[in-house]
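Reading the structure
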Amino acid sequence: MPCPRPLPLLSPLYQPPCFPSAQQIQVEAEEEQITNKLIKRLNELKSEKEALAMQIEQEEEYISNKLQAKLDALARDKIVMENALEAEQEFIVNRLTRQLSEAKAENSALEGKIARLSRSNSATVSREDGMDARAGGVGLGDMQEEDVEDPAVTAAARVAAERAAAADVAAAVAAAAAAAEAAARATSGRGVGGGAAGGAPTS
């Protein structure tokens, strides 16, 4: 119901009371109800947003801790593998060095033995030649000389074989050292590559 118009006979300052109609009261009540619903819905969305942000933060922290644990485990495994490889390399080098030293010692001993045999054979040949010259038996002297030279030839062959074995041991030492160095480099490369792959997860 609209407000009544003022009477012309009354004072112009007088305003009759204006009462809201039932329809206007209903409209205002509906507007207030809609406003309250919107405010309530906004508060619910705000609470859901905060809860979702907290959940995402917790999941990110869990994933980060898990990846960090994996990286730490990989680093420990790398250190263990490097220590084991270093110990194995040292063991191989020490063993090959010991074998080379033993071969050199045997070679030196054989050379000394050959030298002694050569001197002994030379003295024996000279003595036999003198005896053959005095006796006049050339054929017998040749046979004795051939019999005396046989041990020297055998010893020389043994020395040659020992020298070849020493050379093979030296070559084996060099090859083992090169292989150990290559394996160490390959292990270090795999450790770095693994750490880089583990540090880039998919969300």
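Everything quoted here is computed from the prediction, not taken from an experiment.

1. So, the overall build of the protein chain
- Counting its regular elements, the protein chain contains 2 helices and 0 strands.
- Scored against the burial criterion, the 203 residues of the protein chain give a buried share of 11%.
- Sequence-distant contacts, at least 24 apart, represent 74% of the contacts inside the protein chain between residues at least 6 apart.

2. Section: the pattern of salt bridges
- Taken as a whole and judged by the stated rule, the model has 1 salt bridge.
- With a closest N to O distance of 3.3 Å, E44 and R41 form a salt bridge. In this pair, E44 and R41 both sit in helix α1 (residues 22-135), 3 residues apart, roughly one turn of the helix.
- E44 gets classed as partly exposed once you look at its relative accessible area, which sits at 35%.

3. Describing a negative patch on the surface
- Together, E28, E30, E31 and E32 make up a region of like negative charge exposed at the surface.
- Along the polypeptide, E32 turns up in helix α1.

4. Re the confidence of the model for the protein chain
- In this model, the protein chain carries a mean pLDDT of 75, and residues with pLDDT of at least 70 account for 60%.
- Every residue in residues 137-149 is under pLDDT 50, and counting partners more than four places away or in other chains gives 10 contacts.

The rules we used
- Residues numbered from 1 in each chain as written.
- Predicted model: local features only at pLDDT ≥ 70, side-chain atom pairs only at ≥ 80, totals over all residues.
- Heavy atoms only, no water.
- Helix = DSSP H or I, 4+ residues; strand = E, 2+ residues; numbered from the N terminus.
- Buried < 20%, exposed > 50% of the residue type's maximum accessible area, 1.4 Å probe, protein only.
- Contact = heavy atoms within 4.5 Å.
- Salt bridge = Lys/Arg side-chain N within 4 Å of Asp/Glu carboxyl O.
- Patch = residues over 30% accessible without salt bridge, like charges linked within 9 Å, V, L, I, M, F, W, Y side chains within 5 Å.
- Areas by Shrake-Rupley, 256 points an atom, 1.4 Å probe, with all protein chains shown as cover.
- Lys, Arg positive; Asp, Glu negative; His and termini not counted.
- Charge placed at Lys NZ, Arg CZ, Asp CG, Glu CD.
- pLDDT = per-residue confidence, 0-100.

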